[in-house]
Amino acid sequence: MPPVFRFAPSPNGYLHLGHAYSALLNFDSARRSGGRFLLRIEDIDATRCRPEFETAIYEDLAWLGISWETPVRRQSGHLADYRQAIETLAGLGLVYPSFESRAEIARLVAERRAQAAWPCDPDGAPLYPGVAKRLPQVERARLLETGAPYARRLDMEAACAKTNAKTYAKTGALTWIEHGQGPEGETGVVAAGAEAWGDVVLARKETPTSYHLSVVVDDALQGVTEVVRGQDLFWSTSVHRLLQALLGLPPPVYRHHRLILDAAGRKLSKSTAATGLRELRGQGATSADIRRLVGLP
Ligand code: GLU
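Residues numbered from 1 in each chain as written. Predicted model: local features only at pLDDT ≥ 70, side-chain atom pairs only at ≥ 80, totals over all residues. Heavy atoms only, no water.

In the nomenclature of an unreviewed UniProt entry, the protein chain is known as Glutamyl-Q tRNA(Asp) synthetase of Bradyrhizobium erythrophlei.

This is the structure:
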């Protein structure tokens, strides 16, 4: 079976050099290995994603000389798939509703911090304090009955215990195969440490999925065998491996690549005159110039 690669941008802004690097690495790897290249539009965040950004993704990638299989999978059109996966996890007793607002969670974290140090996840965000998990059953039922909106969270402790019992007993640990590198040079067989993320959100209040859940479901449904993406997502792979183990999905191999930085050494977050593909094209750059700028042959 030929390897299957994918580039999975979110249409919440215009593409920049960092996206170009990632897309070209995937595309070149697929070409070199006789593999397939898929484009996936990760548009579950209805408040930030816009059709003009999606159109621009197609234009900019075509300009770079990249072609992809059609139809393109757009996550917003597959919410039922994600719902089903959450129900599978709920059936394992691993999902609970979390009714708090962001402000309430921030207040709960501040309360904890007033007493002692409070841990952060690998992205630097404070861990969710887990109050909704300990909500008495009657109170939870009452809130559900009022129709209060809620997110659905993974009970990380229970999820890890379940995979420990099933997977660790067989293999020693939940791991993934890394052909690239983590932030500290991690490579080869990497141990997944999903506990570090706490009770992650599986479905948000406003949409029945989340980044972690939909990426895992889609990679499996699309038969993706090689995930090539930025190093900023390296430790997210721990959560992805855990979800794959719980859902019985085959793990791809991973290659996390270096990030393209701006002149001040920061990760690119939005396109600017110096880094945006549209802007650079407007200034007369060619796709060969873009390859050179990101250090690709
Ligand atoms: N949609 C994610 C992003 O734009 C990438 C997801 C992935 O490659 O796993 O950052």
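Moving on from the coordinates now.
Q: Kindly report on the site of the ligand, identifying the contributing residues and their values.
A: Around the ligand sit Arg6, Ala8, Pro9, Ser10, Glu42, Tyr211, Val215, Arg229 and Leu233, and that is every residue in its neighbourhood. Here a nitrogen atom of the ligand sits 2.7 Å away from a polar atom, N or O, in the main chain of Ala8. Taking Glu42, its side chain carries an N or O atom lying 2.6 Å from a nitrogen atom of the ligand. Within the complex, 77% of the 300 Å² of free accessible area of the ligand lies under protein. By residue class, the composition of the shell around the ligand is 5 nonpolar, 1 polar and 3 charged. (Near = heavy atom within 4 Å. Polar contact = N/O pair within 3.5 Å; in protein donor to acceptor, adjacent residues only side chain to side chain. Areas by Shrake-Rupley, 256 points an atom, 1.4 Å probe, with all protein chains shown as cover. Nonpolar A, V, L, I, M, F, W, Y, C, P; charged D, E, K, R; others polar.)

Q: Break down the sheet that holds strand β8 (residues 201–203) for me, with residues and values.
A: Spatially, 3 strands are ordered β4-β5-β8 in an open sheet, and the strand pairing comes out antiparallel. This sheet does not close on itself; its edge strands, each paired only once, are β4 (95–98) and β8. Averaged over all adjacent pairs, the angle separating strand axes in this sheet is 45 degrees, with direction ignored. Sheet topology places β4 next to strand β5 (residues 151–154); 4 bridges connect them, and they run antiparallel. When the bridges of β5 are listed, Ser98 appears paired with Ala151. (Pairing = 2+ DSSP bridges. Helix = DSSP H or I, 4+ residues; strand = E, 2+ residues; numbered from the N terminus. Axes fitted to C-alpha atoms, helices over the stretch in contact; angles between N-to-C directions.)

Q: Describe helix α4 (residues 102–115), listing the residues and the values that go with them.
A: Compared with an ideal rise of 1.5 Å per residue, which puts 14 residues at 20 Å, α4 spans 20 Å between its outermost C-alpha atoms and is within 8% of the ideal. For α4, the full list of buried residues reads Ile105, Leu108 and Val109. An end-on view of α4 places all buried positions within 95 degrees of arc, on one side of the element. Opposite the buried face of α4, at more than 90 degrees from it, the exposed residues are Ala103 and Ala114. (Expected span 1.5 Å × (residues − 1). Buried < 20%, exposed > 50% of the residue type's maximum accessible area, 1.4 Å probe, protein only. Arc of directions from axis to C-beta.)

Q: Describe in detail the packing of aromatic side chains, supporting the description with residues and values.
A: Applying the stated criterion across every chain yields a total of 8 aromatic pairs. Geometrically, the ring pair formed by Trp176 and Phe234 is edge-to-face, given 5.1 Å between the ring centres and 65 degrees between the ring planes. You can see Trp176 sitting in strand β6 (residues 175–178) and its partner Phe234 sitting in the loop between β9 (226–230) and α8 (236–247), a full 58 residues away along the chain. With respect to class, Trp176 is no different from Phe234; both count as buried. Look at Phe234 and Trp235: their rings are 4.8 Å apart centre to centre, the planes differ by 85 degrees, and that puts the pair in the edge-to-face class. One aromatic cluster is present, built from ring pairs that chain together Trp176, Phe234, Trp235 and Tyr254. Directly above the aromatic system of Tyr128 lies the positively charged group of Arg153, at a separation of 3.6 Å from the ring centroid. (Phe/Tyr/Trp six-rings, centres within 6.5 Å; stacked < 30°, edge-to-face > 60°. Lys NZ or Arg CZ within 6 Å of the ring centre and 35° of its normal.)

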